[in-house]
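Residue-level structural notes
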Amino acid sequence: MSHLFGHDQPLSVQGSGSPAVSFVGSFDPRVRVVAAGLFAIMVVSLHQIEFALGAFVLAIGTVFLTDLPLRLTLKRMAAMDGFIIVMLVMLPFTTPGTPMFSVFGADASQEGLHHAILIGIRANAVVLMMLSLLSGLTPVALGHTLYRLRCPAALVHLMMFTVRYISVLHDEYHRLRMAMKLRGFKARNTIHTYRSFGYLFGMLLVRSLERAERVLEAMKCRGFSGHFPMIDQLMFRPRDGVLAVAFFLLVTILVLMDRVYVFAY
Amino acid sequence: MHIVDGALAPEVLIGGGVLAVAGLGLGLRKLPIDKIPATGVLSATFFVASLIHVPVGPSSVHLIMSGLAGLVLGWTAFPALFVGLLLQAIFFGFGGLTVLGVNTVNIAFPAVIAGFVFRSMVSRRNPVAAAVWGGLAGASSIALTTLFVAVSLMLSGDAFAPAAKLVFFAHIPIMIVEGLISAAAVYLIVKVKPELLMPEDHVAGFELSASAVNTKQASEVNNG
Amino acid sequence: MSSLINLNDISYGYRAGQSVLDRVSLTLNKEERLFIAGPNGAGKSTLLRILVGLIKPNGGEIHAFGKACVTDADFHDLRCRVGFIVQDPDDQLFCPTVVEDIAFGPLNLGASREEALAIVDEVLDQLHLKHLRERITHELSGGEKRLVSVAAVLAMKPDVLLLDEPTNALDEENMQRLEEILLELPQAMILISHDPHFRRKLATRTIELRGGKINEVAMKKCTASDKSNRESETHVQSLATF
Amino acid sequence: MSSLINLNDISYGYRAGQSVLDRVSLTLNKEERLFIAGPNGAGKSTLLRILVGLIKPNGGEIHAFGKACVTDADFHDLRCRVGFIVQDPDDQLFCPTVVEDIAFGPLNLGASREEALAIVDEVLDQLHLKHLRERITHELSGGEKRLVSVAAVLAMKPDVLLLDEPTNALDEENMQRLEEILLELPQAMILISHDPHFRRKLATRTIELRGGKINEVAMKKCTASDKSNRESETHVQSLATF
Ligand SMILES: Nc1ncnc2c1ncn2[C@@H]1O[C@H](COP(=O)(O)OP(=O)(O)OP(=O)(O)O)[C@@H](O)[C@H]1O
Ligand SMILES: Nc1ncnc2c1ncn2[C@@H]1O[C@H](COP(=O)(O)OP(=O)(O)OP(=O)(O)O)[C@@H](O)[C@H]1O
Ligand SMILES: [Mg+2]
Ligand SMILES: [Mg+2]
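These lines cover the structure that appears in this document, whether it is placed above or below. The shown structure was predicted, so the numbers you read here are calculated from the model rather than taken from an experiment. All chains use their own residue numbering, which begins from 1 and follows the written sequence. Written order decides the labels, with chains lettered from A and ligands numbered from 1. pLDDT decides what is reported in this predicted model: residues at 70 or higher carry local features, side-chain atom pairs at 80 or more are listed and counted, and totals for whole chains, interfaces and linings draw on all residues regardless. As a rule here, side-chain values cover all heavy atoms of the structure and leave hydrogens and water aside.

Glancing now at the overall build of chain B. Where helices and strands are cited, they refer to DSSP runs of H or I of at least four residues and of E of at least two residues respectively, numbered from the N terminus. Across its full length, chain B holds nine helices and two strands. Mapped from its N terminus to its C terminus, chain B presents α and β elements in the order α-α-β-β-α-α-α-α-α-α-α. Exposed residues in this analysis have more than 50% of their type's maximum accessible area, buried residues have under 20%, and partly exposed residues fall in between, with area computed by a 1.4 Å probe over protein chains only. A total of 224 residues make up chain B; the buried ones form 62% of that total. Residue pairs in contact within chain B that sit at least 24 positions apart in sequence constitute 74% of those at least 6 positions apart. Only the protein chains shown count as covering a residue, and every accessible area follows the Shrake-Rupley method with a 1.4 Å probe. A total accessible area of about 8,300 Å² is found for chain B, and carbon and sulfur atoms account for 71% of it. Here, residues are in contact when the closest pair of their heavy atoms is within 4.5 Å.

See the structure below:
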């Protein structure tokens, strides 16, 4: 799929051969995946803007320890913010509380504004930290990682097959779409357009089911009897342990201070 | 349609997570090991659907096609759609990690429900009737999804109520478009490869009858 | 002027630093059947994709039907007049039935449903494919798919045809049908093919793309480079001895 | 006896009334490279799928390695000794990385993880593909995919190889590689190919499947049935008029 990702919008530089790994990329992916999850849970439970900002700064700091292309990462963040902006703008006006200012007769409350800003910062902190911690991790490596983290094997294998065939099917889609374009097709708001897209997707489904049948046949031809191999080279070294402990402490302290702060007032 | 990290109340996040794990468990139980390749390839197809943009009014949206996923995959739509959301969350930064459970429930449950409700009607042989029901399945699964999204927002605080309403009404054109596209897709599938929309046991029966035909034919050959 | 399409100094590379096409120029005249030969990966398909605007070249100009093509709208108009038959017919046929697939092009050009159906019947008649009208595209044989994909493009009444390896995976019989059909068509066309025999039968001119450059190949030279050449020459001689 | 595989009077149709194969018999002997030619849709791929038990024939018998194959268990054993390289390498390479994919077969045969990895290295060495070991399968080029799928099948140390159109979409260079690899292999094999050149280079025997029946084709005739065939026939006729 990294081909697709490269095709679409490359998230990180994924050269074949031996790419130079960044500082973050040099740790065991298991630690990185768990850390990203932990960070997300902790940040979501922060209540104070100050500490949420702290988490956000932490995430920005981490970005500089990776080889994420800055411009692209920013574009992604902007896309996500565009997603939630409407909700954030509405919040101050719909939350009851101390009025602060009013627009067209609608009162904006201080509490509402506070809540909106908090949500904005938390969302950005989580996504940014996740993108940096998991930078350079291929979907395949993610699968291996989840497998070693004891996710159900069926789910991991399902994910591996999905990852394997996304690029094949995306190419197929692309070729069909080009052929449509070559016959003067232009996407408009017409029934003809929607019917054509329906046919396109239906055909894609039919073709992929036939492919699935062929894949299963090929597997049987190689003696498949209900077992998938998983061969990876994940290694847990002392420095991974150090990172895990340090990260855990940092995030816990952040949350504890957040709570103490509430308590103190 | 994705909710982002940091907006929902912790109770909603946890509730969503628990429901998602339950759904995943059920879905995986219905997934024998030799169905994994087929489910994976179809899951990839639905992932590709989310990369297809169609025009709606002056703007454009990407397809979801969860109704069709429910029709084709049944309960296994749950893990299949989860995998897609997981990959999107991690590699595209869409949605987030803590809301993964909520997002999965919001998209996969409507798919499974639409699949159950409409499957028997869609697996009829008449392509036009099947297309109408398929369209309804597509539209209603999006409608349910937006409803679920609205509910998860409302549960996180009354202040979200207007936003929730806005989400619902803003998605009405998308429901219609998804319905039309699903209808056309079902029409094509019923014409080209109706097995794709057969309920499980029907497929087994289909294969059985096929082999019965084969043996019958073979014995005729022997007789003649 | 009789030139339909003009490519001027086209350069292209998929990646920075790569050079697939290097200042390629090409002219298609009226009633010509121009063949492009060349090894795998020489950039033949790329050149056709640039011609119809699916890829933007890094440099160069494209003129078609006496007009320069620059914007997307220009290329959309061009695609409505130039029929492109892609390499794999499976990629082209995506509608459930043959009649719907052939009607797709005319509908895109703004024809009404009745007009489109009339065109479908006309084209199927022209190619003697009436018996396939109601068939499901997905169940056609490879050869039938290819012929239907030609019909689908002809239904748009193009002024120029582009065919990318139309003889791939065709058996003798379907190949023969295709040759006959193409020979009867009045349109100018550009064809890509690795098959020297096919080339000899249809080409009015052949060019070779190699190392990003175009070489004009004289008709004689072209036939001399194929394998069955000696037979045919002997054949000509044997006829000559009558 | 030196015959490895024996098909006897195999008949098959996908639908009732359809007859794709009609009492087809076929023998593969030791050290043979048997080519199956024939037009599109003649049933060549179907025949191979029946041979390895993916489809049950309507009638006929299959013997392999001196044993009749009837039950699913028989065919499972047969598939462990017969390596089938399918038409589209994307269907065959379903594991995420090259090393996992090649280890898939040996692991199914009961090898331990270490043994499997040893076999992987050995096979990659044999085919000079060591540099691809850690690559992700879907990022390989078409030619590399084909070569890896050959490696994956060889890793099972099969006694017989079946190859369905292995040269499809290969360019000169990879074709050459494949030819060399196949010529060096000691195994008996059955190959399907439309490419007369490839056939001529490798075949020790060629048969043609047409209308559900098999015709033995003599070596000479085989080369005559390639693309230059039509000329040579005309040639013969023109000679005959003398
Ligand atoms: N989408 C793409 N991305 C990157 N490189 C590409 C792409 N398509 C083609 N290429 C490269 O560009 C070059 C020219 O490819 P093209 O398909 O035009 O060749 P061709 O002459 O049509 O070959 P063939 O005879 O095999 O069809 C090749 O080296 C190919 O690897
Ligand atoms: N899964 C299937 N269901 C129904 N019919 C099929 C199926 N697979 C193949 N056929 C039909 O069976 C016949 C033989 O097909 P097969 O794929 O064996 O031909 P082939 O000789 O391999 O052709 P090619 O040279 O095109 O690969 C064809 O008429 C085809 O349409
Ligand atoms: Mg090409
Ligand atoms: Mg075949």
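Don't stop here, the text continues.
Residue and element names in this part refer to chain D. Note on definitions: salt bridges are taken to be side-chain nitrogens of Lys or Arg within 4 Å of carboxyl oxygens of Asp or Glu. Here the structure, examined in full by the defined rule, presents 44 salt bridges over all chains. A salt bridge links Glu32 to Arg205; the shortest N-O distance between them is 2.5 Å. Of this pair, Glu32 sits in the loop between strand E2 (21–29) and strand E3 (33–37) while Arg205 sits in strand E9 (residues 205–210), and the two are 173 residues apart along the sequence. A relative accessible area of 11% means that Glu32 is categorised as buried. Residue Asp121 pairs with Arg133 through a salt bridge whose shortest N-O separation is 2.8 Å.

What follows is about the interface of chain C and chain B. In this assembly, eight residues from chain C lie in contact with four residues from chain B. Here chain C packs against chain B, burying approximately 450 Å² in sum over the two surfaces, 74% of which is carbon and sulfur. Summed over the shared surface of chain C and chain B, the result is zero salt bridges. Ten residues, namely Ala, Val, Leu, Ile, Met, Phe, Trp, Tyr, Cys and Pro, are considered nonpolar, four, namely Asp, Glu, Lys and Arg, are considered charged, and the remaining ones, Gly among them, are considered polar. Partitioning the side of chain C that touches chain B into residue classes produces four nonpolar, two polar and two charged. As used here, buried area is the combined drop in accessible area, with a 1.4 Å probe, of two parts when they are placed together.

All names here are of chain D. Burial of the side chains of strand E6 (residues 82–85) extends over both faces: Val82 and Phe84 are buried on one face and Gly83 and Ile85 on the other. In this sheet, strand E7 (residues 160–164) lies alongside E6 in parallel orientation, the contact comprising four bridges. Bridging across to E7, Val82 finds its partner in Val160. At least two DSSP bridges between two strands are required for those strands to pair.

On to the interface of chain A and chain B, then. Quoted interface sizes are often the accessible area lost when the parts come together. In this complex, chain A contributes 75 residues to the contact, which on the side of chain B involves 67 residues. At the boundary of chain A with chain B, the tally comes to one salt bridge. Distance and chemistry together define a polar contact, namely a pair of N or O atoms within 3.5 Å, with one atom able to donate a hydrogen and the other to accept it when in protein, and with adjacent residues in sequence counting only for side-chain atoms on both sides. Where chain A touches chain B, the interface holds five residue pairs in polar contact (both at pLDDT 80 or more). For the side of chain A that touches chain B, the secondary structure elements donating two or more residues are helix H1 (2–8), helix H2 (29–44), helix H4 (70–94), helix H5 (110–133), helix H6 (139–148), helix H7 (153–182) and helix H8 (191–221) of chain A. In terms of residue count, the dominant contributor to the side of chain A that touches chain B is H8(A) (21 residues). A breakdown of the residues in the side of chain A that touches chain B according to their chemical character gives 54 nonpolar, 14 polar and seven charged.

Time to look at the site of ligand 2. Residues and elements named next belong to chain D. We call a residue near a molecule or strand when any one of its heavy atoms sits within 4 Å of it. All residues in the neighbourhood of ligand 2 are listed as Tyr14, Val20, Asn40, Gly41, Ala42, Gly43, Lys44, Ser45, Thr46, Gln87, Glu165 and His194. At a separation of 3.4 Å, a nitrogen atom of ligand 2 approaches a polar side-chain atom of Tyr14. One nitrogen or oxygen atom from the side chain of Thr46 is found 2.4 Å from an oxygen atom belonging to ligand 2. Alone, ligand 2 offers 640 Å² of accessible surface; in the complex the protein occludes 63% of this. Residues that form the shell around ligand 2 fall into these classes: three nonpolar, seven polar and two charged.

With that settled, consider the packing of aromatic side chains. Only Phe, Tyr and Trp rings take part, Trp by its six-membered ring, and two of them pair if their centres are within 6.5 Å. Stacked means planes under 30 degrees apart, edge-to-face means over 60, and tilted covers everything else. Tallied over the entire structure, the rule returns 20 aromatic pairs over all chains. Ring geometry for Phe224(A) against Phe104(D): centres 6.1 Å apart, planes inclined by 15 degrees, an arrangement best described as stacked. Taken as a pair, Phe224(A) in the loop between H8 and helix H9 (238–264) and Phe104(D) in helix H4 (residues 98–108) lie in two separate chains rather than in one. The same class applies to Phe224(A) and to Phe104(D), which are both buried. With a centroid separation of 5.1 Å and 85 degrees between ring planes, the pair formed by Tyr12(C) and Tyr14(C) is classed as edge-to-face. Tyr12(C) gets classed as buried once you look at its relative accessible area, which sits at 11%. Here the aromatic cluster, defined as three or more aromatic residues joined through ring pairs, consists of Phe161(A), Phe224(A), Phe94(D) and Phe104(D). The cationic tip of Arg164(A) hangs over the ring face of Tyr165(A); the distance from NZ or CZ to the ring centre is 4.9 Å. Our definition puts a charge over a ring when NZ of Lys or CZ of Arg is within 6 Å of the ring centre and also within 35 degrees of the ring normal. Between Arg81(D) and the ring centre of Phe65(D), over which it is positioned, the NZ or CZ distance is 3.8 Å.

Note that every value here comes from positions in space, so none of it alone points to a role or purpose.
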